[in-house]
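Working through the structure, step by step
Given next are the chains, with one letter for each unit.
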Amino acid sequence: METHHSHSQVKGVSTGTTILAVKFNGGVIIGSDSRASMGESYVSSKTINKLIQVHDRIFCCIAGSLADAQAVTKMAKFQLSFHSIQMESPPLVKAAASIMKELCYSNKEDLQAGFITAGWDRKKGPQIYVVSLGGMLLSQPFTIGGSGSTYIYGYVDAKFKPNMSLEEATQFSTNALALAMGRDNVSGGVVHLVVITEAGVKHIVVPGDKLPKFHDE
């Protein structure tokens, strides 16, 4: 017997969101807002952390169905841990992104989630990979995603430059997320940033009332 589902039943909890990653001289920053939504505009959470650590110096951020994204990242963490034990060394960032790609591609008819994977490894240093719906894998110097990204393409294209300092990359990321959160009704809350370098990982939280303002809000 054929079963029909309403649009809201299929969609479920979504991370209507703004996510980004940017390389700088010596590392990479990955960041997001903290708002999750249901349907088109109902805010279900203001405090979700969309930056998921899949290994010591590898993080991913999620856009789309939260349940789908959590299932994929949980499986990816397991496979990376197993891979690290087998190889007796930390996994490469590209290996993590490739696992995400394979999981997304093999389940492309069922998943509604995309990912940014970023991190640092001994072979290639800081790296950013985009895994889109359907399992396409791209390497980029910076990338943005989620519903809020449509408002900031002009800003990031104009302001990005290679080999930024940590301070410049942090300001670039904070400004971009603040601009998106000011315009997109399903992006908001606080800004989460993770700075990943050879030295380790640093988590930065910027409260909503501390974000830069670019227009009357």
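Residues numbered from 1 in each chain as written. Predicted model: local features only at pLDDT ≥ 70, side-chain atom pairs only at ≥ 80, totals over all residues. Heavy atoms only, no water.

Put simply, the rule is: UniProt positions are given in the numbering used here, feature names are shortened, and annotations may be inferred rather than shown by experiment.
For the protein, an unreviewed UniProt entry supplies the name Proteasome subunit beta and the organism Culter alburnus. Check the Catalytic activity (unreviewed entry) section of the UniProt entry for the protein; it says "Cleavage of peptide bonds with very broad specificity."

1. Let's talk about the pairing of strand E7 (residues 58-64)
Within a regular strand, the side chains alternate between the two sheet faces. Test applied: Any residue under 20% of the maximum accessible area for its type is buried, any over 50% is exposed, and the rest in between are partly exposed; the area is computed with a 1.4 Å probe on protein chains only. Put simply, DSSP H or I for four residues or longer makes a helix, DSSP E for two residues or longer makes a strand, and each gets a number counted from the N terminus. Here, a strand pair is defined by DSSP locating no fewer than two bridges between the strands.
The element E7 is largely enclosed, with a buried count of six among its seven residues. In terms of strand pairing, strand E6 (residues 51-55) meets E7 through four bridges, oriented antiparallel. Bridged to Ile 52 within E7 is Cys 60. Pairing of E7 with strand E8 (residues 113-121) involves seven bridges; the strand directions are antiparallel. Bridge assignment links Ile 62 to a residue of E8, and that residue is Phe 115.

2. Observations concerning the sheet that holds strand E3 (residues 27-32)
Two pairing modes exist for strands in a sheet, parallel and antiparallel, and in both the strands are linked by backbone hydrogen bonds. Note the cut-off: Axis definition: a line fit to C-alpha positions, over the contact stretch in the case of helices; interaxial angles, taken between N-to-C directions, run 0 to 180 degrees.
Read from one edge of the open sheet, five strands run E11-E2-E3-E12-E13, paired in antiparallel fashion. For this open sheet the edge positions go to strand E11 (142-145) and strand E13 (200-206), each flanked by a neighbour on one side alone. Adjacent strand axes in the sheet meet at a mean angle of 15° when their direction is disregarded. By the bridge criterion, four bridges tie strand E2 (residues 19-24) to E11 in an arrangement that is antiparallel. Its bridge partner being in E11, Leu 20 is matched across the sheet by Ile 144.

3. Let's talk about the pattern of salt bridges
Heads up, the rule is: Salt bridges are counted wherever a side-chain nitrogen of Lys or Arg sits within 4 Å of a carboxyl oxygen of Asp or Glu.
Within this structure, the stated rule accounts for three salt bridges. Salt-bridge contacts for Glu 102 lead to Lys 101; the nearest nitrogen and oxygen are separated by 3.4 Å. For the salt bridge of Lys 161 with Glu 168, the shortest nitrogen-to-oxygen distance reads 3.0 Å. We classify Lys 161 as partly exposed; its relative accessible area is 41%. On the basis of relative accessible area, Glu 168 is assigned to the partly exposed category, the value being 34%.

4. Re the layout of surface pockets
We apply this condition: In this analysis, the protein atoms alone were mapped onto a 1 Å grid. Cavities are point sets where a 1.4 Å probe fits without being able to get out; pockets are open sets with protein on both sides within 12 Å along at least five of seven lines; lining residues have an atom within 4 Å of a point. Grid points are joined across faces, edges and corners, and a volume is the space filled by probe spheres set on the points. For this classification, Asp, Glu, Lys and Arg are treated as charged, while Ala, Val, Leu, Ile, Met, Phe, Trp, Tyr, Cys and Pro are nonpolar and the rest, including Gly, are polar.
Approximately 240 Å³ is the volume found for the largest pocket. Surrounding the largest pocket, 16 residues form its lining, Ala 63, Gly 64, Gly 114, Leu 133 and Gly 146 being those nearest its centre. Secondary structure elements with two or more residues in the lining of the largest pocket: E7, E8, strand E9 (125-131) and E11. In terms of residues, the lining of the largest pocket owes the most to one element, E8, which gives four residues. Along the lines of polarity and charge, the residues of the lining of the largest pocket split into nine nonpolar, seven polar and no charged.

5. Considerations on helix H3 (residues 93-106)
Defined as follows: Expected span of a helix, by definition, is 1.5 Å for each gap between consecutive residues, and there is one gap fewer than residues. Starting at the helix axis, one direction is taken to each C-beta atom, and the arc is that of these directions. Contact criterion: two residues are considered in contact whenever any of their non-hydrogen atoms come within 4.5 Å of each other.
Taking 1.5 Å per residue as the helical rise, H3 with its 14 residues ought to reach 20 Å, and the 20 Å between its terminal C-alpha atoms agrees with that figure. Residues Val 93, Ala 96, Ala 97, Ile 99, Met 100, Leu 103 and Cys 104 constitute the buried set of H3. Mapping the buried residues of H3 onto a view down its axis gives an arc of 155°, with all of them on the same face. Against the buried residues of H3 lie E7, helix H2 (66-87), E8, E9 and strand E10 (137-139).

6. Concerning the sheet that holds E10
Pairing is antiparallel across the open sheet formed by five strands, whose spatial order is E6-E7-E8-E9-E10. This sheet does not close on itself; its edge strands, each paired only once, are E6 and E10. Sheet twist, expressed as the average angle between the axes of neighbouring strands with direction ignored, equals 25°. As judged from the three bridges shared by E9 and E10, these two strands associate in the antiparallel manner. Counterpart to Val 131 in the pairing with E10 is Leu 137. Here H2 sits on the sheet and contacts E6, E7 and E8; the angle it forms with E6, its principal contact strand, is near 20°. Along the sheet face, H3 touches E7, E8, E9 and E10 and points at about 165° away from the line of E8.

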